[in-house]
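# Structure at a glance
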Amino acid sequence: MMRAFWAIVMLTLRKALRSHVFQLLLLLLLLCVAVIPVSISVSKAEEFIQVSLLYSLWAVSIILALSSLWLGCYVMSHDIDSYQLHMVVSKPVARWKLWLGKWVGINLINIALLLFAGIAVYAVIMLRYHAAGEERALAGRESERQMAKADQERIRSTILVGRRSYFPHRLSPEEIADREIRLSAAIAEKSGTPKTNEALRSEREKLIAKLQEAPGSVEIQPGKSEEWVFKNIPQELNEKTVILRYRPYLGKVATEDQRNTYVEWTVLMPEVNEKTGGYALHGLTAPAEQVFTGVFHEKDLPKGLVSPDGEIRVKVKNLDRYKGKHFYQVSDGPALLIPVCSFEANFLRGMLVMVIQLLLLSGLACAFGGFLTMPTAVFMVSSYLLFGTFSMVLTDPEFFAEDKISTIGQAVAQLLLTVVIPLQKFDVTDLLANGKLIEFSYIGELFLFYFICRGVPLFLFGMWLYSRRELGLAVKK
């Protein structure tokens, strides 16, 4: 039984190699690894490494995804159109065994190519990482060697690492408005000019409307502060290094017209009250620092930040000298980063996600290629995947305005996402390029919800249609 299965696998491998697909893909992958980082103008080692991870690895993923679609549709449909399958089914071999053998053969080719490309990308990254230190060390001066060591440590701590991210609890527009109104009422009462309930209600409604217009950013006026609360933080993080990552914008959330500004961060530390047994928060203020807006910044936080109820509180003050407004995008954070694993372990997790994607795509191609002609099968699989891609875009709350047509479109896209597969979910290049941890829970979610729950039923349906297909109808007259 297994002898026949592996014979089919080997036949599939030999057929793919004879069509020169393997050699062509190998050449394309080499070009992706070697040419893309060089073609993009970067001077710093960390930028080169990020380009290699972000663009080279993304190109590798795209090429192998396209090869999975093409090979799956070609191998399944060509055997029928060229009458080769007629001879195979005359043997005592079940159709489902033929289907699985071809699927395994295709994936052995793809995984071998992915392994080769992954090793090549890793080798290029490590060579550039070590070169970052050698370039300065060649000068022979102690200051240059110290700078080289600092460069390498920065790359290791920000890119070549796997860090878990914690994002602050996001308040609703109503909650933010209530907080601001309470503060406004207290200030007015203290100044001797208390506001009426009607005025406060009107002010609250205007503030909610303003917040709903720009839900993706937080605005901080000159001289004012904003506090973020991180909830459900494990207590063991009190003994670990915690890094605060943030990106402020000045004037507007855009890349242009950014400049240097000043910010002051305050960390609220939990302090136990021995008399009452409770705890209070006291501020640990860092000196005001000059930062360039529009880019990410990181700073180490002191240990012992987590309160007994699992919260970490940080506050930032806008100290811009020219009275400019600060903006923080919700998607940017600020975020807390905790190193969890090495870059090598995180890189292997990324490779595992790509393997799951290739298994899924080749299975879809084999499923449709088993009962359709090759052009039709390619069209059907591509359309199915495009529906998933567009549905992810349509369900992005920041992509469309809140109007009737957009609401209907988002509802339809949300319904489609229950049956289609969005390939964006399998893109982990951005996580690797920014040193973010690829969680095992995320990998398990991809495998369970997309491969098992959506992919396997389509595989079985395609396998059943393949077994029911009348080979006599494929005879050309």
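The structure under discussion appears in the preceding block.
Let us look at the structure shown here. (Residues numbered from 1 in each chain as written. Predicted model: local features only at pLDDT ≥ 70, side-chain atom pairs only at ≥ 80, totals over all residues. Heavy atoms only, no water.)

Now for the packing of helix α9 (residues 343–369) against helix α13 (residues 440–468). The geometry of α9 relative to α13 is characterised by a closest axis approach of 9 Å and an angle of 10 degrees between their N-to-C directions. Accordingly, the angle class assigned to the pair α9 and α13 is roughly parallel. Listed contacts from α13 to R349, L352, V353, I356, L359, L360, G363, L364 and A367 of α9 are F440, I443, L446, F447, Y450, F451, G455, L458, F459 and G462. For the contact of α9 with α13, the residue count by class is 15 nonpolar, 3 polar and 1 charged. (Axes fitted to C-alpha atoms, helices over the stretch in contact; angles between N-to-C directions. Helix = DSSP H or I, 4+ residues; strand = E, 2+ residues; numbered from the N terminus. Parallel < 35°, antiparallel > 145°, perpendicular 65-115°, else oblique. Contact = heavy atoms within 4.5 Å. Nonpolar A, V, L, I, M, F, W, Y, C, P; charged D, E, K, R; others polar.)

Applying the stated criterion to the full structure yields 0 disulfides. Unpaired in terms of disulfides, C73 finds its nearest cysteine sulfur in C366, a separation of 7.9 Å. When its relative accessible area of 0% is taken as the criterion, C73 is described as buried. (Disulfide = S-S within 2.5 Å. Buried < 20%, exposed > 50% of the residue type's maximum accessible area, 1.4 Å probe, protein only.)

Taking 1.5 Å as the rise per residue, α9 with 27 residues should run 39 Å; its terminal C-alpha atoms sit 39 Å apart, in good agreement. Extensive coverage of α9 is indicated by the burial of 23 of its 27 residues. (Expected span 1.5 Å × (residues − 1).)

This part covers the sheet that holds strand β9 (residues 297–301). A sheet is described by the order of its strands in space; here 4 strands give the open sequence β1-β12-β4-β9, paired in antiparallel fashion. This sheet does not close on itself; its edge strands, each paired only once, are β1 (161–166) and β9. Taken pair by pair, the neighbouring strands of this sheet meet at an average axis angle of 40 degrees, ignoring direction. (Pairing = 2+ DSSP bridges.)

Right, let's get into the packing of aromatic side chains. One pass over the full model with this rule turns up 15 aromatic pairs. Judged by centre distance (6.0 Å) and plane angle (40 degrees), the ring pair of W99 and F459 falls under tilted. With a gap of 360 residues between them, W99 in helix α5 (residues 95–137) and F459 in helix α13 connect regions that are remote in the sequence. There is no split in this pair, since W99 and F459 are both buried. Ring centres 6.2 Å apart and planes at 45 degrees place the aromatic pair Y122 and F347 in the tilted group. Of this pair, Y122 sits in helix α5 while F347 is found in helix α9, placing the two residues 225 residues apart along the sequence. Taken together, W99, W103, F447, F451 and F459 form an aromatic cluster joined through their ring pairs. The ring of F48 carries the charged tip of R128 above its face, separated from the ring centre by 5.8 Å. Above the face of the F296 ring, R245 is positioned so that its terminal group lies 3.9 Å from the ring centre. (Phe/Tyr/Trp six-rings, centres within 6.5 Å; stacked < 30°, edge-to-face > 60°. Lys NZ or Arg CZ within 6 Å of the ring centre and 35° of its normal.)

This part takes up unusual backbone geometry. Although it is not a glycine, N232 adopts a positive phi angle of roughly 60 degrees. By the secondary structure assignment, N232 is in the loop between β3 (225–230) and β4 (242–246). In this structure, K323 takes a positive phi of about 60 degrees despite not being glycine. Mapping K323 onto the fold places it in the loop between β10 (312–318) and β11 (326–329). Its relative accessible area of 64% is what places K323 among the exposed residues.

Residues L53, W99 and L160 are the most contacted members of the largest nonpolar core, which totals 80 residues. Only α1 (2–18), α2 (21–39), α3 (45–81), α5, α9, α10 (374–394), α12 (429–433) and α13 provide two or more residues apiece to this core. Counting 24 residues, the second largest nonpolar core, distinct from the first, contains Y246, W265, V316 and I338. (Core = buried A, V, L, I, M, F, W, Y, C linked by side-chain atoms within 4.5 Å.)

Once that is clear, we can look at the environment of S225. Relative to the helices and strands, S225 is located in strand β3. For the pair formed by S225 and W265, sequence separation is 40 residues and the distance between their alpha carbons is 9.2 Å.

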